Amino acid sequence: IQKLSEQLYASDVNRADSGDIILNLQHKVSSSQTGTGTDFCSQKLFKYVNEAKLFARPTFARLISLLDNYVKHTGTVEIVSKEEIQEETTFIKEIFKTSIMKQLSSFLISKGYYTSIESFENDFREMWFGLFTRSKGPLDSSGFEHVFHGEIHKGKIAGFHSWVNLYLLEKAGQIDYLSYSADGPWTGYPDVFAFQFKWSTYVKTLSSLFLGSSPEFDIAMYTLCYVTQPDKMCTVKLGGSTLKIQTYSWPNSSYGSGKRYLSTSYPNI
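Residues numbered from 1 in each chain as written. Predicted model: local features only at pLDDT ≥ 70, side-chain atom pairs only at ≥ 80, totals over all residues. Heavy atoms only, no water.

Per an unreviewed UniProt entry, the chain is named Protein endoU, and its organism is Eleutherodactylus coqui. Its UniProt record gives the chain a comment under Sequence similarities (unreviewed entry), which states: "Belongs to the ENDOU family." (UniProt positions renumbered as here; feature names shortened; annotations may be inferred.)

A.B. asks: Tell me what's going on with the overall build of the chain, and back it up with residues and numbers.
C.D. replies: The secondary structure content of the chain amounts to 9 helices and 10 strands. Computed over the C-alpha atoms, the radius of gyration of the chain is 18 Å, within 12% of the 18 Å expected from 2.2 N^0.38 for a compact globule of 269 residues. Each of the 269 residues in the chain was classed as buried or not, and the buried ones make up 54%. For the chain, long-range pairs separated by at least 24 residues make up 62% of all intrachain contacts whose partners lie at least 6 apart in sequence. (Helix = DSSP H or I, 4+ residues; strand = E, 2+ residues; numbered from the N terminus. Rg over C-alpha atoms; globule rule 2.2 N^0.38 Å. Buried < 20%, exposed > 50% of the residue type's maximum accessible area, 1.4 Å probe, protein only. Contact = heavy atoms within 4.5 Å.)

A.B. asks: I'd love a proper account of the pairing of strand β6 (residues 191-199), names of residues and values included.
C.D. replies: Of all 9 residues making up β6, 8 are buried, and the element is well covered by its neighbours. Relative to β6, strand β5 (residues 175-183) runs antiparallel, the two being bridged by 7 bridges. Across the sheet, Ala182 pairs through a bridge with Ala194, a residue of β6. Examined bridge by bridge, β6 and strand β7 (residues 202-211) share 8 bridges and lie antiparallel to one another. (Pairing = 2+ DSSP bridges.)

A.B. asks: Give a detailed account of the state of the cysteines, specifying residues and quantitative values.
C.D. replies: Inspection of every chain in the model, using the stated rule, returns 1 disulfide. Across the disulfide, Cys225 is cross-linked to Cys234 (sulfur-sulfur distance 2.3 Å). With the S-S bond torsion at -65 degrees, the cross-link from Cys225 to Cys234 turns out left-handed. Side by side, Cys225 and Cys234 carry an identical accessibility label, which is buried. (Disulfide = S-S within 2.5 Å.)

A.B. asks: Let's hear about the packing of helix α4 (residues 82-95) against helix α6 (residues 117-129): which residues, and what values?
C.D. replies: For the pair α4 and α6, the least separation of the axes is 11 Å and the interaxial angle reads 125 degrees. The angle between α4 and α6 places the two elements in the oblique class. When the axes of α4 and α6 are compared, the crossing they make is right-handed. When α4 is examined against α6, the residues Ile85, Glu88, Thr89, Phe91, Ile92, Lys93 and Ile95 are found in contact with a partner set consisting of Glu121, Phe124, Arg125 and Phe129. (Axes fitted to C-alpha atoms, helices over the stretch in contact; angles between N-to-C directions. Parallel < 35°, antiparallel > 145°, perpendicular 65-115°, else oblique. Left-handed = near helix turned anticlockwise from the far one by under 90°.)

A.B. asks: Before we move on, could you go through the sheet that holds strand β9 (residues 241-255) and cite the residues and values that matter?
C.D. replies: Spatial strand order, β8-β9-β10: 3 strands in an open sheet with antiparallel pairing. Of all the strands in the sheet, the pair left with one neighbour each is β8 (233-238) and β10 (259-268). With direction set aside, neighbouring strand axes in the sheet form an average angle of 30 degrees. Judged from the 8 bridges that link them, β9 and β10 form a sheet pairing that is antiparallel. Looking at β10, one finds that Ile245 is bridged to Pro267. The sheet strands contacting helix α9 (residues 215-228) are β8, β9 and β10, and the helix crosses β9 at an angle near 70 degrees.

Now the structure itself:
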């Protein structure tokens with residue numbers, strides 16, 4: 001896993017380069033301050049993102065097309081239209097064209113988790129996009145929605161581990177950046193941070209995420225750890241530094257022959 005994760009890190013050709021993203025981190029909080037919801041930062045987190053370069057890349061464009069498909073509040077059924085199903089399919093097909101997903105596929109097949117790329121791709125779709133209920137009622141959630149879009153669950157922000165959506169919502173005035181609590185040892189991208197912010201009136205006390213990475217890198221790292229070490233802390237290696245990724249499956253429903261949907265996955269920093 002550590003060897004493959006280094007290979008995936010080196011293969012992220014769609015990542016941001018130095019200068020493509022400029023952050024304004026401002027205030028770093030202590031662990032005792034992360035849950036207060038206090039706004040320590042008067043300015044936005046993102047000073048600049050090279051949208052013309054990064055978001056024109058096919059995998060970024062396909063990810064962004066998915067982000068308006070979700071009802072953020074749990075308890076409301078997610079109605080998936082034919083157009084949205086096609087957007088999911090296009091996103092999956094696009095990321096599976098990349099070197100990152102090809103390497104991940106080869107690794108998982110070689111280790112006996114899947115028999116073919118097709119079987120992996122089919123299971124990938126179910127584990128990430130299959131619907132389940134977080135509210136003991138309507139089918140209101142999926143692993144993809146939780147991780148890459150974020151949800152409002154029991155009065156708090158749940159999930160939300162995508163730097164792309166964080167940037168887009170801050171740009172749209174829907175996110176108020178409060179502080180940061182962790183910055184990984186990486187000097188280039190992908191990097192790893194932990195942020196605090198408000199989405200509307202709801203607070204995220206700790207959102208850990210890759211920053212400057214491509215969508216295929218994020219989802220490949222989470223999938224690698226989920227398939228090989230579900231519900232555990234998974235140790236990966238990126239550019240010579242170790243990182244732990246936590247994954248959880250959804251225990252209350254299943255698909256196929258007893259397989260579990262991915263509930264969440266995120267860097268533990």
